[in-house]
Amino acid sequence: MHVVSPSVTSTALPPASGAAPDAQRWTPRLWGILAVLCLVLFLDGLDVSMVGVALPSIGAELELSTSTLQWIVSGYVLGFGGLLLLGGRTADLLGRRKVFLIALAVFAIASLLGGLVSNGPLLIITRLIKGISAAFTAPTGLSIITTTFAEGAARNKALSIYTVFGASGFSSGLIVGGLMTGIGWRWTFLAPVPIAVAALIAGIALIPRDRPAATGGYDIAGAVTLTGGMLLLVYTVVSAPELGWTHPGTLASFALAAALLTTFVVVEQRVANPLVRLGILRIGHIVRASIAIIALFGSYLSFQFMLTLYLQDVLGWSALGMAMALLPAGMLVVLTAPSADRMIARLGTPRLIIVALAALSLGYLLFLFRIEPDPNYVAVILPSVLLLGTGFALGFPSINVQATAGVADHEQGLAAGLVQTSMQVGAALVLAVTTALVTNGSEGAGEHTAQEALDQFRPGLILVTLIALAGLAVTLVPLLRRRRRVTDDDPPAPDAGDLMIEALRN
């Protein structure tokens, strides 16, 4: 599920003449536009969770190793994260409607191809293409909302509905993925096709034509070096256990990845229209938000990857049983989404992020120390699932609000895009390291006894726990320093998060 906040410059469908912005009348066409955008976001969340449940079945039929399976996940998130900022920029330069519809069509075609191929690399390529298409539909879809619905009550209502659909898609995908995998894993790729086609037809009819909202050029060099560098880095980390960490090929691959990422930094400093204005990285709360989202999403994605393989490949759970096991976490996200803004206004983003990462860390610790070869779901797995759902439900909206708090209007899109890019790219890197630890010296968990497989997964579980704890520490330190200053009778300067809380209250 992906929600970004690109900057906007115009209103595609203004309120009725003479009406105040908050009094915008919701016509059937407005409802139709919102339905299309919600359907696409629902589809995005559905697709991510469906494929995750199907991984063991895909690996068994196509004879893919654990390290290859992780690319079905990493290919998507790297394609999304690497080109997300370029996607928002392209929508500004070419027009939101055009970019959204083209990207949605590509998503439908890639889904169809993914359900037809019988080759691991080709399947990974289709996932990469779907991630790239999401990098264009996600920022463009939200931009269409913010330029179609008038600022105030109308826009807030639209965004609230939009967010709930994203959370619902992810939760529904667990069940739908379990059902589809029971028929055949290919249906987890084919099922989204008719939904995407229906959304495309409705989008062509309903979404109004618009003119480009910006002038200038593209930062193609920045997008290529960032995406290429991260793809190569993930590939090197995943392949290093088999090839050897000190093998000349591994060292050369690391050096090339570092060169590409260094080139990206140089390009961003010199290009006229950079993907990322590097000066924004000096803003502390944005950096902390980026680290927190990596800790949140990176650890959770890797944990779900390991849990899926362990429960299905090792313990023999069905795909539907696996989906039902994780469903409570998704339901917590759905149930809390409508009240997220009120919780942020009452408690503030730093406190909610701390509670979220603490819940996440506790969930991992409980699982790590209580998991056994044949675990009892209610006593061992469910408590961790509920804690992880609580962490995600509280942390995801709070981190996104903190990332854009106190940022100038013209850089709201950059700040939101930066934290989303950190989430996707960081999660891919965490998953790569996790996979390297899990597969080190082994060809697959399915070839071992339950205890041996559990021992094999344990280093990965320790890693995700440490990442969550590190994110918690980074979030806690500024709050503790602020309290120390207050104790010393030295009043602190207003924090950007505090400014956002005050704005929400007003």
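Just so it is clear, the structure is predicted and the values come from calculations on it, not from any experiment.

Colleague: Could you give an account of the nonpolar core, with specific residues and numbers?
Modeller: Formed by 111 residues in total, the largest nonpolar core has its most connected members in Ile58 and Ile72. Sorting elements by how many residues they give to this core places helix H10 (residues 284-314) first, with 17 residues.

Colleague: Go over the packing of aromatic side chains with me, naming the residues and quoting the values.
Modeller: Within this structure, the stated rule accounts for 11 aromatic pairs. Ring plane angle 85° and centroid distance 6.0 Å describe the contact between Tyr310 and Phe457, whose orientation is recorded as edge-to-face. Of the two residues, Tyr310 is situated in helix H10 and Phe457 in helix H16 (residues 450-487); the sequence distance between them amounts to 147 residues. Residue class for Tyr310 comes out buried when judged on its relative accessible area of 3%. Among the aromatic residues, ring-to-ring pairing joins Phe297, Tyr300, Phe392 and Phe396 into one connected group. Lys130 extends its terminal NZ or CZ atom over the ring of Phe107, reaching a point 4.8 Å from the ring centre.

Colleague: If you had to explain empty space enclosed by the protein to someone new, which residues and values would you point to?
Modeller: Using the criterion set out here, one finds seven cavities of 30 Å³ or more in the structure. Computed from the structure, the largest cavity encloses a volume of approximately 290 Å³. If you go around the largest cavity, you meet 24 residues; those closest to its centre are Val48, Phe170, Phe297, Leu301 and Gln304. Elements with a contribution of two residues or more to the lining of the largest cavity: helix H1 (28-62), helix H2 (66-94), H10, helix H11 (319-336) and helix H14 (377-404).

Colleague: Now, about the pattern of salt bridges: what can you tell me, with residues and values included?
Modeller: Under the counting rule described, the total for this entry stands at three salt bridges. A salt bridge links Arg127 to Asp47, with the nearest nitrogen and oxygen atoms 2.8 Å apart. Placement of Arg127 in helix H4 (residues 120-148) and of Asp47 in helix H1 is noted, with a sequence separation of 80 residues between them. For Arg127, a relative accessible area of 2% corresponds to the buried category. Judged by its relative accessible area of 0%, Asp47 is buried. Bridged by salt links that share partners, the residues Asp47, Arg127 and Lys130 form one connected network.

Colleague: Lay out the side chain of Arg97 with the relevant residues and their values.
Modeller: Here Arg97 lies in helix H3 (residues 96-116). A polar contact of 2.7 Å, which involves the side chain of Arg97, links it to the backbone oxygen of Ile204. A polar side-chain atom of Arg97 sits 2.7 Å from the main-chain carbonyl oxygen of Ile207. Residues contacting Arg97, with those up to four places away along its chain left out, are Gly203, Ile204, Ile207, Pro208, Arg209 and Asp210.

Thresholds applied
- Residues numbered from 1 in each chain as written.
- Predicted model: local features only at pLDDT ≥ 70, side-chain atom pairs only at ≥ 80, totals over all residues.
- Heavy atoms only, no water.
- Core = buried A, V, L, I, M, F, W, Y, C linked by side-chain atoms within 4.5 Å.
- Buried < 20%, exposed > 50% of the residue type's maximum accessible area, 1.4 Å probe, protein only.
- Helix = DSSP H or I, 4+ residues; strand = E, 2+ residues; numbered from the N terminus.
- Phe/Tyr/Trp six-rings, centres within 6.5 Å; stacked < 30°, edge-to-face > 60°.
- Lys NZ or Arg CZ within 6 Å of the ring centre and 35° of its normal.
- 1 Å grid on protein atoms, 1.4 Å probe; cavity = no way out; pocket = protein on both sides within 12 Å on 5 of 7 lines; lining within 4 Å.
- Points joined across faces, edges and corners; volume = space filled by probe spheres on them.
- Salt bridge = Lys/Arg side-chain N within 4 Å of Asp/Glu carboxyl O.
- Polar contact = N/O pair within 3.5 Å; in protein donor to acceptor, adjacent residues only side chain to side chain.
- Contact = heavy atoms within 4.5 Å.

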